[in-house]
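Per-entry structural report
Residue strings, one per chain:
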Amino acid sequence: MGKSALELVAEANSMLNVISVEEAQSLIGNLDVVFVDVRDPDSVAETGIIPKGINAPRGLLEFYADPEFEAFHKPELDPEKHIVVTCGLGGQAALSGKALKEMGFKNVSNIEGGMAAWAEANAPTEDFDG
């Protein structure tokens, strides 16, 4: 058998900056930072999104990040900005962050513990309606 899911996540995280919820909170409002939630829209709507964050579901992230896919591309996904990726617990965000790094994004971070840790810290969210 090849690599396990946990091995893939660990490998992905080794390519990223893994930051704490507190570190991530200190970045809110910084115009050079983009928070990207890779959960499905229903999950994001249920818990809210990091203020000023965008939703780019894991299955579509690469298309949203690639300007050649004009129908999907989200200009907020700028490879020159600091991209902070999150998901439920951190695994999908790690794999997403690795993909972004492979696409040429220079500064990509994953929030340790994902939105579960964010909620546990009572960190701010805003409503998301998809």
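Just above, that's the structure.
Residues numbered from 1 in each chain as written. Predicted model: local features only at pLDDT ≥ 70, side-chain atom pairs only at ≥ 80, totals over all residues. Heavy atoms only, no water.

Description of the packing of aromatic side chains
Scanning all chains against the criterion turns up three aromatic pairs. Between F63 and F72 the ring centres are 6.1 Å apart and the planes differ by 45 degrees, which places this aromatic pair in the tilted class. Residue class for F63 comes out partly exposed when judged on its relative accessible area of 33%. Owing to a relative accessible area of 39%, F72 belongs among the partly exposed residues under this scheme. An aromatic cluster is present here, built from F63, Y64, F69 and F72 joined pairwise through their rings. Here K74 stacks its cationic end above the ring of Y64, 4.8 Å away from the centre of that ring. (Phe/Tyr/Trp six-rings, centres within 6.5 Å; stacked < 30°, edge-to-face > 60°. Buried < 20%, exposed > 50% of the residue type's maximum accessible area, 1.4 Å probe, protein only. Lys NZ or Arg CZ within 6 Å of the ring centre and 35° of its normal.)

Digging into the nonpolar core
Counting residues in each nonpolar core, the largest one holds 17 residues, and the members touching the most others are V36, L77, I83 and L100. Put simply, the parts of the chain that give this core at least two residues each are β2 (33-37), α4 (61-65), β4 (82-86) and α5 (91-102). It is α4 that provides the largest number of residues to this core, a total of three residues. What V36 contacts, discounting residues up to four positions off in sequence, is I54, A56, L61, L77, I83, V84, V85 and T86. Membership of the second largest hydrophobic core comes to 12 residues, among which are I19, V33, I111 and W118. (Core = buried A, V, L, I, M, F, W, Y, C linked by side-chain atoms within 4.5 Å. Helix = DSSP H or I, 4+ residues; strand = E, 2+ residues; numbered from the N terminus. Contact = heavy atoms within 4.5 Å.)

So, the environment of G48
Along the chain, G48 falls in the loop between α3 (41-47) and β3 (54-55). In sequence terms G48 and D127 are 79 residues apart; their C-alpha atoms lie 4.8 Å from each other. Not counting residues up to four positions away in its chain, the partners in contact with G48 are R39, M115, T125 and E126.

Here's the deal with the environment of L95
Examined against the element boundaries, L95 turns out to sit in helix α5. Taking the C-alpha atoms as reference points, L95 and A65, 30 residues apart in sequence, are found 14 Å from one another. If we ignore the near neighbours within four places in the chain, the residues touching L95 are L8, V9, A12 and R58.

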